[in-house]
Every structure is written in structure tokens, then in C-alpha cells.
Amino acid sequence: MDIRPNHTIYINNINDKVKKEELKRSLYALLSQFGQIIDIVAMKTMRMRGQAFVVFKELAAATNALRQLQGFPFYNKPMRIQYAKTDSEVITKMKGSHGDKEKRKEKKKKPQEPAANLAKKPAVGSVVPVLAPVVQVPDNPPNYILFLSNLPEETNEMMLSMLFNQFPGFKEVRLVPGKHDIAFVEFESDTQAGVAKDALQGFRITATCAMKVTYAKK
């Protein structure tokens, strides 16, 4: 029996040695390419280890993520993804008793409403930052190695590998010791590097940092 498509995807078979906060950041980095994420729920209780729920704003984003990342090697384990049974499964599975659930729902609702309104307002102006990457970032001649800059402090090799691994020809990510905001990514050819560069130009690993991608100097 198929579960009907909805905004929430349920992921399991996740490597349970990954710390909760790192897991949430990595899931955000990997999944936000498909669309706006409203919430990521991951818990480290015995019953919920190796599992997470991701709530997308758009149904199409949830569908694309499910199709394209099914079996994706996430921390060396293939992800298993399905739609959550209902959007509310996030709440029912994560929270304990009904009374507790209702209280938490009420708490959740209050801060969320103004947040939702805030989210709507910048969305009008957000066309500008979204289009900003089209204004050419000064670049070097084509190269099979890409240079990444403006990376957030919490960036790690795993996050970047997951982002670039989806492009053909990906070889490796190289971080620069002592400099958290830059990295190099190597591809088999400059053409393949160019495809990844164009696709991930301005990609936001966190809400505030839009990654800059250029060809590395030869």
C-alpha cells in the first residue's frame, strides 16, 4: 500500500554515530537544494536512532528529494526515504502522550505564526538574492578544480562531498587547514567542474552564507 505524497519525508538507515546537530546540518545542506525546508526532526533516543523527518514547504520539493536521494550514500550508509504516513506523523512519532503533544503543539504554533509571516515578507525581496549569483562572480579560466569561498564555520568535508557528489566526475573535496571559509573541489574534467559550479553558485549551506564557486587558479 503506497503512502500518499506529502510535504514530510521520513529517512531511515542513517549512520547513528553522527551527532544530532551535525546530522541536522548535513541533512539541511544536502536537502535544501530541492526547496525550502521548514523543519528537520532527528532524535537520539534508542527508538528513533538512525531516523529523521524533513518537512518541506513545497510538495514538489519533497517528491524530488525522495526520488533523487533514494539510496544516496550518506555517512557511508544508503539513505532509505519514504513519505511520512501523514504530515502530522512528525508530531505523533516524536512527542510522547497526547496531553504532552497538545501542549507542545500550542507552544509550537505561537512562535511559528509570526515566523511564517516574517518568512513571507522577505520572500518578496528574496528574488534579489536568488538572482544575485547570476551577476558573474569574477572567475578564472576553466579548470577541473573549483575554489569555494564564503563557507560557514561549521562546514565540513562530509557536507561538501554530499553537495558535489551528485555531479558526474566528482573526485574529492580538500579543506584548507586553519581556514574554515574556503575549500577546493576536484573533478575529472573542467567541463564537469563547470556544471557543478553553475548549479551550486550561491548555494546557501546556512541561511546567511551564500557559497561562492569559481575555477581555481591554474
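Residues numbered from 1 in each chain as written. Predicted model: local features only at pLDDT ≥ 70, side-chain atom pairs only at ≥ 80, totals over all residues. Heavy atoms only, no water.

An unreviewed UniProt entry annotates the protein as U2 small nuclear ribonucleoprotein B'' of Betta splendens. Taken directly from UniProt, the Subcellular location (unreviewed entry) text for the protein runs: "Nucleus". Note on the protein: under the UniProt heading Sequence similarities (unreviewed entry), the record states "Belongs to the RRM U1 A/B'' family." (UniProt positions renumbered as here; feature names shortened; annotations may be inferred.)

A.B. asks: What is the right way to read the overall build of the protein from this model?
C.D. replies: For the protein, the helix and strand inventory stands at seven helices and ten strands. Residues classed as buried in the protein amount to 41% of the 218 residues present. Long-range contacts, defined here as pairs at least 24 residues apart, represent 68% of the contacts in the protein between residues at least 6 apart. (Helix = DSSP H or I, 4+ residues; strand = E, 2+ residues; numbered from the N terminus. Buried < 20%, exposed > 50% of the residue type's maximum accessible area, 1.4 Å probe, protein only. Contact = heavy atoms within 4.5 Å.)

A.B. asks: Just checking my understanding: could you explain the sheet that holds strand S3 (residues 52–56) for this structure?
C.D. replies: Strand pairing in a sheet relies on backbone hydrogen bonds, with the paired strands running either antiparallel or parallel. In spatial order, the strands read S2-S3-S1-S6; together these four strands make up an open sheet with antiparallel pairing. Both edges of this open sheet fall to strand S2 (37–42) and strand S6 (80–83), since each of them pairs with a single strand only. Neighbouring strand axes in the sheet, compared pairwise and without regard to direction, differ in orientation by 20° on average. One ladder, built from five bridges, connects S2 with S3; its direction is antiparallel. For Val41, the partnering residue across the bridge sits in S3 and is Phe53. (Pairing = 2+ DSSP bridges. Axes fitted to C-alpha atoms, helices over the stretch in contact; angles between N-to-C directions.)

A.B. asks: Mind showing me how you'd approach the packing of aromatic side chains here?
C.D. replies: Any two aromatic rings considered together are summarised by their centre-to-centre distance and by the angle between their planes. With the rule as written, the count across this model stands at five aromatic pairs. Between Tyr10 and Phe53, the ring centres sit 5.1 Å apart and the planes meet at 40°, which makes this aromatic pair tilted. Of the two residues, Tyr10 is situated in strand S1 (residues 8–12) and Phe53 in strand S3; the sequence distance between them amounts to 43 residues. Residue classification places Tyr10 among the buried positions, given a relative accessible area of 10%. With 6.3 Å between their ring centres and 65° between their planes, Phe164 and Phe187 make a pair best called edge-to-face. In this pair, Phe164 sits in helix H6 (residues 157–164) while Phe187 sits in strand S9 (residues 179–187), placing the two residues 23 residues apart along the sequence. Across the pair, Phe187 and Phe164 agree in class, each one buried. Three or more aromatic residues link up through ring pairs in this structure, and these residues are Phe164, Phe170 and Phe187. (Phe/Tyr/Trp six-rings, centres within 6.5 Å; stacked < 30°, edge-to-face > 60°.)

A.B. asks: Would you mind going over the pairing of strand S8 (residues 170–176) with me for this structure?
C.D. replies: On a regular strand, one side chain projects to one face of the sheet and the next to the other, so that they alternate. By the bridge criterion, six bridges tie S8 to S9 in an arrangement that is antiparallel. The residue bridging Phe170 from the neighbouring strand is Phe187, located in S9.

A.B. asks: I'm lost on the pattern of salt bridges in this one. Help?
C.D. replies: On inspection of all chains with the given rule, the structure shows five salt bridges. Between Asp16 and Arg49 there is a salt bridge, with the nearest N and O atoms lying 3.6 Å from each other. Of this pair, Asp16 sits in the loop between S1 and helix H1 (20–31) while Arg49 sits in the loop between S2 and S3; the two residues are 33 residues apart in sequence, bridging distant segments of the chain. Residue Asp16 is classed as partly exposed on the basis of its relative accessible area of 30%. Its salt-bridge partner being Arg174, residue Glu172 comes within 2.8 Å of it at the nearest N-O pair. Residues joined by salt bridges that share partners form a network here, namely Lys171, Glu172, Arg174 and Glu186. (Salt bridge = Lys/Arg side-chain N within 4 Å of Asp/Glu carboxyl O.)

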